[in-house]
Amino acid sequence: MVEDAISIDYFHDESLGTTPVPPRCLVYVTSTLECAQVIATANDLKVPVTARGSGSGLSGGALPIQGGIVISFEKMNQILEIDTQNHTATLEAGVTLEQLELSLAEVGFVYPVYPGEMSATIGGNVATNAGGMRAVKYGVTRHNVLGVEFVTATGDVISSGGKFVKSSSGYDLTQLVIGSEGTLALVTKVIVAITPIPQASVTLLIPFDKLSSISVAIPEILRSNCTPSILEYVDAVGLKVMASREGLDLGLPKAIQDEARAYLICMLEEADPEGLEKQQLIISNQMIENGALDVYELSKSQALRLLRVREAAFWVTKELGATDIVDIVVPRAQIPNFMDQIDLIAQEYGTIISAVGHAGDGNIHLSIFENDHAIKGSIMSKLYRIGLDLGGAISAEHGIGTAKRPYFLDLEDPTKLELMRRIKYAFDPNGILNPGKVL
């Protein structure tokens with residue numbers, strides 16, 4: 001498909017503040033061989049290539065290159081194997097998370113990475129090293145991918161990793177390709193780890209009237225023998241908006257709603273119901289001792305709906321007029337310091353910065369409501385600098401793409417960037433794979 005025949009849907013991803021770009025050509029590949037043939041031809045002609053899954057990314061990583069080719073993996077969407085003995089699933093890159101979840105549920109298993117958009121493809125998740133709410137217990141994409149098949153810029157097909165956890169056999173190409181945003185190679189097949197579905201779970205909603213109390217409470221939870229599968233921070237305004245959007249009554253007394261400044265959402269999962277009850281009691285006691293106003297157990301329906309709307313927080317803030325989204329990560333112990341500095345920046349610029357976050361892993365999502373482009377740029381630069389100074393990183397799970405590239409190049413260690421450029425050249429000497437992204 002070429003030029004005017006290509007739908008505008010392929011001109012962009014879901015990032016805010018980026019400009020759609022029409023590609024010259026759109027190719028739907030149906031096999032690794034086809035993908036390799038397209039890339040080899042593009043390399044010979046020195047035509048840029050951008051990979052695309054569902055286009056649900058938030059950093060401009062799937063934005064086409066002017067005059068370039070978009071390779072869509074929509075039709076490479078087969079679940080090739082579910083191996084319950086080795087706890088693995090082998091997938092083509094275009095398999096969606098929803099498709100995988102439904103297939104695994106039939107055999108009592110789950111892929112535990114939930115980035116918040118179930119229409120996303122496994123290939124896209126690999127490209128950005130997607131995370132999500134369950135990272136505190138299960139890790140992010142790179143912790144759950146055991147192997148990949150990928151195509152290099154010269155059209156060579158390479159397999160790395162496999163149905164095993166351990167390997168000390170040379171450089172780890174699997175982990176190098178994960179998170180490279182299609183700039184080193186195009187992933188065509190993925191082997192992921194799967195786990196049995198937990199038999200018992202409970203979700204707790206915990207309000208606090210002081211942010212300082214939350215900063216103490218989070219380490220207490222993580223120091224205990226209770227490892228939440230989800231530990232989320234939501235400010236009071238954010239929770240109110242989410243509940244209103246979903247038409248959800250969380251059963252909170254009005255006095256609590258008026259007093260609370262922020263909430264923790266804590267999900268516990270266990271194979272043993274008795275063990276779950278013990279964990280719930282430990283967490284509840286810890287939270288009250290550390291300043292929680294109370295601890296509320298949500299019904300299964302309330303929990304499902306609240307987590308669903310939390311996963312869709314980006315769409316909520318987008319509808320409300322957010323002009324940019326930040327997914328900075330800092331060490332967990334630095335979250336209160338970071339949040340205090342966010343408040344100071346918002347006051348300094350007279351703007352609104354709303355926060356939700358994966359409190360268990362230090363990943364804070366900030367929605368910036370600022371229409372002045374120059375002011376927004378200054379705010380973003382300060383936020384990233386603070387995050388780095390606190391020992392964090394610019395992006396936890398969305399990737400760099402084009403949206404964060406200027407800040408990444410300006411603020412990162414130049415020596416580290418130069419090493420990345422040499423790695424890029426080794427994989428892609430002609431620079432055809434997603435040029436202008438990351439570096």
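Data block above holds the structure.
### Focus on the overall build of the protein chain
Working step 1: Check the secondary structure of the protein chain and you find 16 helices and 17 strands.
Working step 2: Relative to a compact globule of 439 residues, whose C-alpha radius of gyration would be 22 Å, the protein chain shows 22 Å and is just as compact.
Working step 3: Here the C-alpha coordinates of the protein chain stretch approximately 65 × 55 × 40 Å along the principal axes.
Working step 4: For the protein chain, the proportion of its 439 residues judged to be buried stands at 54%.
Working step 5: In the protein chain, 74% of the contacts between residues at least 6 apart in sequence involve partners at least 24 apart.

### Things to note about the packing of aromatic side chains
Working step 1: Under the counting rule described, the total for this entry stands at three aromatic pairs.
Working step 2: Aromatic pair tyrosine 10 and tyrosine 28: ring centres 6.2 Å apart, planes at 85 degrees, arrangement edge-to-face. Placement of the pair is tyrosine 10 in the segment before β1 (25–28) and tyrosine 28 in strand β1, with a sequence separation of 18 residues.
Working step 3: Residue classification places tyrosine 10 among the buried positions, given a relative accessible area of 11%.
Working step 4: We note lysine 75 situated over the ring of tyrosine 28; from NZ or CZ to the ring centre the distance is 4.8 Å.
Working step 5: One Lys or Arg, arginine 134, reaches over the ring of tyrosine 114 and ends 4.4 Å from the middle of that ring.

### Considering the sheet that holds strand β7 (residues 145–151)
Working step 1: If you trace the five strands from one edge of the open sheet to the other, you get β4-β5-β9-β7-β8, paired in antiparallel fashion. The open sheet has two free edges, formed respectively by β4 (79–83) and β8 (157–161), since each of these has just one partner strand. The average undirected angle you get between the axes of adjacent strands in this sheet is 10 degrees.
Working step 2: Here five bridges tie β7 to β8, and the two strands are oriented antiparallel to one another. Each residue of the ladder has a partner; that of glutamate 149, found in β8, is serine 159.
Working step 3: Running at roughly 50 degrees to β7, helix α1 (residues 32–45) makes contact with β7, β8 and β9 (186–193) of the sheet.

### Comments concerning α1
Working step 1: Between its first and last C-alpha atoms α1 spans 20 Å; for 14 residues at 1.5 Å apiece the expected length is 20 Å, and the two agree.
Working step 2: In this structure, the buried side of α1 is in contact with β1, β2 (49–52), β3 (69–72), β7, β8 and β9.
Working step 3: Positive phi shows up at lysine 46, right after α1, with a value of about 55 degrees.

### What to know about the side chain of glutamate 412
Working step 1: The topology assignment puts glutamate 412 in the loop between α15 (405–411) and α16 (414–427).
Working step 2: Glutamate 412 sits in the buried class, given a relative accessible area of 17%.
Working step 3: At a separation of 3.4 Å, a polar atom in the side chain of glutamate 412 contacts the side chain of lysine 416.
Working step 4: Excluding its chain neighbours within four sequence positions, the residues that come into contact with glutamate 412 are Tyr407 and Leu417.

### Thoughts on the nonpolar core
Working step 1: Ile206, Tyr233, Leu264, Met287, Phe338, Leu366 and Leu383 are the most contacted members of the largest nonpolar core, which totals 51 residues.
Working step 2: Excluding anything up to four places from it in sequence, methionine 287 contacts Ile206, Phe208, Ala217, Ile221, Leu264, Ala292 and Val295.

### Things to note about the side chain of threonine 32
Working step 1: Take threonine 32: it is sitting in helix α1.
Working step 2: Engagement of the side chain of threonine 32 in a polar contact is seen with the side chain of threonine 188, the distance being 3.3 Å.
Working step 3: Other than its neighbours up to four places away in sequence, threonine 32 contacts Met76, Glu149, Val151, Val157 and Thr188.

### As for helix α10 (residues 273–289)
Working step 1: Between the first and last C-alpha of α10 there are 25 Å, a value that for 17 residues agrees with the 24 Å anticipated at 1.5 Å per step.
Working step 2: Check the buried side of α10 and you find it contacts β11 (200–208), α7 (211–223), β13 (262–270) and β14 (296–297).
Working step 3: Taking the backbone nitrogen of glutamate 274 as reference, a side-chain oxygen 3.2 Å away marks aspartate 272 as the first, capping residue of α10.
Working step 4: Two residues or fewer after α10 comes glycine 291, characterised by a positive phi angle close to 100 degrees.

### Re the pairing of β3
Working step 1: Side chains Ile69 and Ile71 project from β3 onto one buried face, and the interleaved Val70 and Ser72 project onto a second face that is buried too.
Working step 2: With four bridges connecting them, β1 and β3 associate as parallel partners. When the bridges of β3 are listed, valine 27 appears paired with isoleucine 71.
Working step 3: Relative to β3, β2 runs parallel, the two sharing four bridges.

### Some remarks on the pairing of β13
Working step 1: Taking burial as the measure, the nine residues of β13 include eight buried ones, the bulk of the element.
Working step 2: By the bridge criterion, nine bridges tie β11 to β13 in an arrangement that is antiparallel. Looking across to β13, one finds that proline 207 is bridged to tyrosine 263.
Working step 3: The pairing of strand β12 (residues 230–235) with β13 spans six bridges and is classified as antiparallel. Within β13, the residue paired with aspartate 235 across the bridge is alanine 262.

Calculation rules
Position numbers for residues count from 1 along each chain, tracking the sequence in the order it is written. With the structure being a predicted model, the display of local features is reserved for residues of pLDDT at least 70 and the display and counting of side-chain atom pairs for 80 or more, all residues being used for whole-chain, interface and lining totals. Side-chain numbers here rest on the full set of heavy atoms in the structure, without hydrogens or water. Segments assigned H or I by DSSP are reported as helices when at least four residues long, segments assigned E as strands when at least two residues long, and all are numbered from the N terminus. Radius of gyration: C-alpha atoms only; globule rule: 2.2 Å multiplied by the number of residues to the exponent 0.38. Whether a residue is buried, partly exposed or exposed follows from its accessible area with a 1.4 Å probe, protein chains only, as a fraction of its type maximum: under 20%, in between, or over 50%, in that order. Contact definition: two residues touch when any of their heavy atoms are within 4.5 Å. Any two of the Phe, Tyr and Trp rings considered here, Trp counted by its six-membered ring, make a pair once their centres fall within 6.5 Å; the pair's planes then place it as stacked at under 30 degrees, edge-to-face at over 60, or tilted in between. The rule for a charge over a ring is simple: NZ of Lys or CZ of Arg within 6 Å of the ring centre, and within 35 degrees of the ring normal. By this definition, two strands are paired if DSSP reports at least two bridges between them. Here, axes are lines fitted to C-alpha atoms. For helices the fit covers the stretch in contact, and angles between N-to-C directions go from 0 to 180 degrees. For a helix, the expected span equals 1.5 Å multiplied by the residue count minus one. For the purposes of these results, a polar contact is taken to be a pair of N or O atoms within 3.5 Å, where, inside protein, one atom must be able to donate a hydrogen and its partner to accept one; residues adjacent in sequence count only when each atom of the pair is a side-chain atom. Here, nonpolar core refers to any group of buried Ala, Val, Leu, Ile, Met, Phe, Trp, Tyr and Cys residues whose side-chain atoms link them within 4.5 Å.

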